[in-house]
Amino acid sequence: MKKILDLIAGEMEKAFRTAGYDPEYAGVTLSNRPDLCEYQCNGALAAAKEYHKAPIMIADSVVEALESSELFEDVQSVKPGFINLKVHADFLSGYLNGMYGDSRLGYDKAGQPKTIMIDYGGPNVAKPLHVGHLRSAIIGESVKRIARFAGHKVIGDVHLGDWGLQMGLIIMELKNREPKLPYFDEAYEGAYPEEAPFTIAELEEIYPTASAKSKEDAAYKEAAMQATFELQQGRKGYQALLRHILKVSVTDLKRNYENLKVEFDLWKGESDAQPYIPDMVQRMKDQGFAHMSEGALVVDVKEETDTKEVPPCMLLKSDGASLYTTTDLATIVERMKLYRPDEIIYVVDKRQEMHFVQVFRCAKKCGLAGEDTAFKFLGFGTMNGKDGKPFKTREGGVMRLEYLLKDINEEMLKKIRESRPMSEEEAREIAGVVGLSAVKYGDLSNQASKDYIFDVDRFTSSEGNTGPYILYTIVRIKSILKKYEEQGGRGDGAEIAAYGNESEKALMLELTRFNSVMETAYEELAPHKVCAYIYDLANAFNKFYHETSILGTEEEAQKNSRIRLLVLTRRVLEACIDVLGFEAPERM
Ligand code: ARG
């Protein structure tokens, strides 16, 4: 379906043409005087310069040309040359009936679907998920769903950090503890055990212990670096350990992401890109892009228009070791080969922006991806505690994701228990569903690039701009619809009719914005626009609900029309929370 603003602009274009003016001037916006009209056109003001006429004269003749239009109930020219447009009630309800009859609620699929890869999550293997990874997961999941809903083929990749010194550290620490394991015996020829020599709980203790030791003991660190090197060179026993570490970690990560309703299509990692490095580097050398600088192999990526210093992209250190940059470049090579994406979106902490500027430029310069491949960096800000500083545990340590979610769920549970009597089991279940909305909405309602304050109290409140408020609204609609059914209402064949009061009209107008909001959210990779919209929509609904006795509507046809309006509102809200990555319970 066309966007309602486009339909209105189309009507205005006709009128401009009829009146003898260029239809280019016919643009329409939402009115900034909603008390007077719903939409307005300021084109006469702009046209005045070209036609050397007073804007009001132009506005007057456009208004005249609109006389027979069925879209508008009233059209007024206002000095100095505004055109105020009041839409016809039947046009509005006609539009909503169109949405109601469409499974996509009036939002057309992209005409030319793209293949889009989203790189998000980015957890580091063997290290517990912490809140820093929470934002990437939440934002990335939403952007994925928004792009998918727009009709694109979207592939989400978790891009594990599985290729760093942390691997060597774990291997070393294991070796110290259990030197007799076959993984450390270079002469060992047999098959390695199926079972990992550690549990996830042990692994989570091994890494921090090793990391702490390496900071104090230079020889220990040296040994870990050597182990990392040997692992990367393909030492058999270490490779087998890497597989164990990956398997144990990934099982745990999957459980964590599942709790967040975050799903990846690919569980690839930095280690998958390694086989592509030697060839890629050789080509960059052969084609003259890479050169030696102070012992390292680099590609220059600065541009004349840079206002900030963009250092060369480093491919290999002087000892021949590859870096984070090299891995990301090789991952591009791999992705182009296996998936041919039109676009790759990286959802990563904004402090890594320079890294991605270098990687994107280098990839383009060296032809790793075609001219028409788009690289997008969606950098997010820091999640802070109430003190405005990066989120910490009460003891001052790095906050683990699981504990944070637990905190939210406990708080939610308390609030749910207070709301009405229910079984412990039901309370826990609802608290889980609503708690997730609190976390996700609390994050997504902010523009991604901004830092924000994680405020358990505010996020779990059922009032204000929060996830629980949105869910309460949906649950309220569900319960009215249930009551309607219990009263024998069926609403068969009832169309949405002309509005009966101002708040009903306001709700209808909000509903018409759905397709336009979704389109913008996709184009700008901006889930916060969906949040802002459902907050407005929920407010419009609640106002309507408080001012109108829906089930008490006397006239049967009008009552059924309102029921349909409620169903449509519920569907729109549900489509929105679905792209945000959470859902509503039946009752709260
Ligand atoms: N593992 C990285 C980190 O924890 C994030 C990875 C982001 N994605 C990428 N392609 N570099 O900082």
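Residues numbered from 1 in each chain as written. Predicted model: local features only at pLDDT ≥ 70, side-chain atom pairs only at ≥ 80, totals over all residues. Heavy atoms only, no water.

**Structural notes on the state of the cysteines**
As a reminder of what qualifies: Disulfide: a pair of cysteine sulfur atoms within 2.5 Å of each other. The cut-offs for exposure are 20% and 50% of the maximum accessible area for each residue type, with area from a 1.4 Å probe on protein chains only; residues under the lower value are buried, those over the upper are exposed, and the others partly exposed.
Evaluated as defined, the whole model comprises 0 disulfides. Just so you know, Cys37 is unpaired, no disulfide at all, and the nearest cysteine sulfur is the one on Cys41, 11 Å from it. Accessibility expressed as a relative area gives 1% for Cys37, which makes it buried.

**Quick word on the pattern of salt bridges**
In plain terms, the rule: Criterion for a salt bridge: a side-chain nitrogen of Lys or Arg within 4 Å of a carboxyl oxygen of Asp or Glu. In DSSP terms, a helix is any run of H or I states spanning at least four residues, a strand is any run of E spanning at least two, and both are numbered starting from the N terminus.
Scanning the model with the defined rule gives 42 salt bridges in all. One salt bridge connects Glu426 with Arg587, and the closest N-O pair in it is separated by 3.8 Å. Placement of the pair is Glu426 in helix 15 (residues 424-444) and Arg587 in the segment after helix 21 (556-580), with a sequence separation of 161 residues. By relative accessible area, which is 26% here, Glu426 ends up partly exposed. What you see here is one network of salt bridges that share partners, running through Glu141, Lys144, Arg145 and Asp578.

**Here's the deal with the sheet that holds strand 1 (residues 28-30)**
What counts is decided by this rule: Whether two strands pair comes down to DSSP finding at least two bridges between them. Lines are fitted to the C-alpha atoms to define the axes, a helix being fitted only along its stretch in contact, and any angle between axes, read from their N-to-C directions, falls within 0 to 180 degrees. In this description, contact between two residues means that some pair of their heavy atoms is separated by no more than 4.5 Å.
Strand order in the open sheet made by the 4 strands is 1-2-4-3, with antiparallel pairing throughout. In the strand order of this sheet, the two ends are held by strand 1 and strand 3 (72-78), each with one partner. Each neighbouring strand pair of the sheet contributes to a mean axis angle of 25 degrees, computed without reference to strand direction. Inspection of the sheet shows strand 3 paired to strand 4 (residues 82-87) by 6 bridges, in the antiparallel sense. Its bridge partner lying in strand 4, Val75 is registered against Leu85. Lying over the sheet, helix 3 (residues 55-65) contacts strand 3 and strand 4, oriented at roughly 165 degrees with respect to strand 3.

**Description of the site of the ligand**
The cut-off we apply is this: Definition of nearness: a residue and a molecule or strand are near each other if at least one heavy atom of the residue lies within 4 Å of the molecule or strand. Distance and chemistry together define a polar contact, namely a pair of N or O atoms within 3.5 Å, with one atom able to donate a hydrogen and the other to accept it when in protein, and with adjacent residues in sequence counting only for side-chain atoms on both sides. Put simply, Ala, Val, Leu, Ile, Met, Phe, Trp, Tyr, Cys and Pro go in the nonpolar bin, Asp, Glu, Lys and Arg in the charged bin, and everything else, Gly too, in the polar bin.
Neighbouring the ligand are Asp119, Gly122, Asn124, His133, His159, Tyr324, Asp328, Tyr346, Val348, Gln352 and Phe356. Contact between the ligand and Asp119: a nitrogen atom at 2.9 Å from a side-chain N or O atom of the residue. Here Asp328 contributes a side-chain N or O atom positioned 2.7 Å from a nitrogen atom of the ligand. Considered class by class, the residues forming the shell around the ligand number 4 nonpolar, 5 polar and 2 charged.

**With respect to the environment of Val131**
Considering the arrangement of structural elements, one finds Val131 in helix 5 (residues 131-149). Each C-alpha atom, one on Val131 and one on Ala584, is 24 Å from the other, the two residues being 453 residues apart in sequence. Not counting residues within four places of it along the chain, the set of residues in contact with Val131 comprises Met383, Phe391, Met399, Leu401 and Leu404.

**Brief notes about helix 12 (residues 324-339)**
The condition is simple: Every helix has an expected span of 1.5 Å times one less than the residues it contains.
For helix 12, spanning 16 residues, the distance from its first C-alpha to its last is 22 Å, which sits close to the expected 22 Å at 1.5 Å a residue. Most of helix 12 sits out of view: 12 of its 16 residues are buried. Three or more residues of helix 12 are buried, namely Thr325, Thr326, Thr327, Asp328, Leu329, Ala330, Thr331, Ile332, Val333, Glu334, Arg335 and Met336. Positive backbone phi, approximately 45 degrees, marks Arg340, located one or two places after helix 12.

**Section: the nonpolar core**
Keep this limit in mind: Put simply, buried Ala, Val, Leu, Ile, Met, Phe, Trp, Tyr and Cys residues joined by side-chain atoms within 4.5 Å make one nonpolar core.
Residues Ile8, Met12, Leu85, Phe514 and Val572 are the most contacted members of the largest nonpolar core, which totals 159 residues. Once residues lying within four places of it in the same chain are set aside, the contact partners of Ile8 are Val28, Tyr39, Leu71, Phe72, Leu85, Val87 and Phe91. In this structure, Met117, Leu297, Val333 and Phe356 belong to the second largest nonpolar core, which totals 34 residues.

**Looking at the packing of helix 11 (residues 277-286) against helix 12**
The following threshold applies: Here is the rule for angles: anything less than 35 degrees is roughly parallel, anything more than 145 is roughly antiparallel, 65 through 115 is roughly perpendicular, and the remaining ranges are oblique.
One can describe the packing of helix 11 onto helix 12 by two numbers: an axis separation of 10 Å at closest approach and a directional angle of 95 degrees. Relative to helix 12, the element helix 11 lies roughly perpendicular. Where helix 11 abuts helix 12, its residues Ile277, Met280, Arg283 and Met284 lie against Thr326, Leu329, Ala330 and Val333. Along the lines of polarity and charge, the residues of the contact of helix 11 with helix 12 split into 6 nonpolar, 1 polar and 1 charged.

**Describing the side chain of Thr473**
Relative to the helices and strands, Thr473 resides in helix 17 (residues 467-486). Within the structure, the side chain of Thr473 is placed 2.9 Å from the backbone oxygen of Tyr469, a separation counted as a polar contact. Not counting residues up to four positions away in its chain, the partners in contact with Thr473 are Ala538, Phe541, Asn542 and Leu573.

**Focus: the pairing of strand 4**
Here strand 2 (residues 39-41) pairs with strand 4 via 3 bridges, running antiparallel. Along strand 4, the bridge assignment pairs Cys41 with Ile83. Taken together, strand 3 and the strand that follows it, strand 4, pair antiparallel across an intervening segment of 3 residues.

**Description of the packing of helix 5 against helix 19 (residues 514-523)**
Where we set the bar: Two helices that cross are described as forming a left-handed crossing if the nearer one is turned anticlockwise from the farther one by less than a right angle, and a right-handed crossing if clockwise.
Relative to each other, helix 5 and helix 19 sit at 125 degrees, their axes nearing to 9 Å. For the element pair helix 5 / helix 19, the angle class is oblique. Note that helix 5 runs across helix 19; the crossing there is left-handed. Contacts from Ile146, Ala147 and Phe149 of helix 5 reach helix 19 at Phe514, Met518, Ala521 and Tyr522. Across the contact of helix 5 with helix 19, the residue classes break down as 7 nonpolar, no polar and no charged.

**Considering the packing of aromatic side chains**
Definition in use: Working definition: a ring pair exists when centres of Phe, Tyr or Trp rings (six-membered ring for Trp) sit within 6.5 Å. Plane angles under 30 degrees give stacked, over 60 give edge-to-face, the rest tilted. Two thresholds decide whether a charge sits over a ring: the Lys NZ or Arg CZ must be within 6 Å of the ring centre and within 35 degrees of the ring normal.
If you walk through the whole model with that rule in mind, you get 20 aromatic pairs. With a centroid separation of 4.9 Å and an interplanar angle of 80 degrees, the aromatic rings of Tyr21 and Tyr51 are classed as edge-to-face. Taken together, the residues Tyr21 in the loop between helix 1 (4-18) and strand 1 and Tyr51 in helix 2 (residues 43-51) connect sequence positions 30 residues apart. Pairing Phe541 with Tyr545 gives two aromatic rings, centres 6.1 Å apart and planes at 25 degrees, and the pair type is stacked. In this pair, Phe541 and Tyr545 both sit in helix 20 (residues 527-547), 4 residues apart, roughly one turn of the helix. The exposure class of Phe541 is buried, given its relative accessible area of 0%. Here the guanidinium or amino end of Lys254 rests over the ring plane of Trp267, the centre of that ring lying 5.0 Å away. The side chain of Arg571 reaches across the aromatic face of Tyr100, ending 5.3 Å from its centre.

**Re helix 11**
What sets the pattern is the α-helix's 3.6 residues per turn: residues three or four places apart point alike. Selection rule: By arc we mean the arc of the directions from the helix axis to the C-beta atoms, nothing more.
Those residues of helix 11 that fall on the buried side of the exposure criterion are Ile277, Met280, Val281 and Met284. Buried residues in helix 11, looked at end-on, bunch into an arc of 95 degrees, giving them a common side. Structural note: helix 11 exposes Pro278, Asp279 and Asp286 on the side pointing more than 90 degrees away from its buried face. On the buried face of helix 11, the contacting elements are helix 10 (270-273), strand 7 (290-293), strand 8 (296-299), strand 9 (313-316), helix 12 and helix 13 (353-365). After helix 11 finishes, the residue Gly288 shows a positive phi value of roughly 80 degrees.

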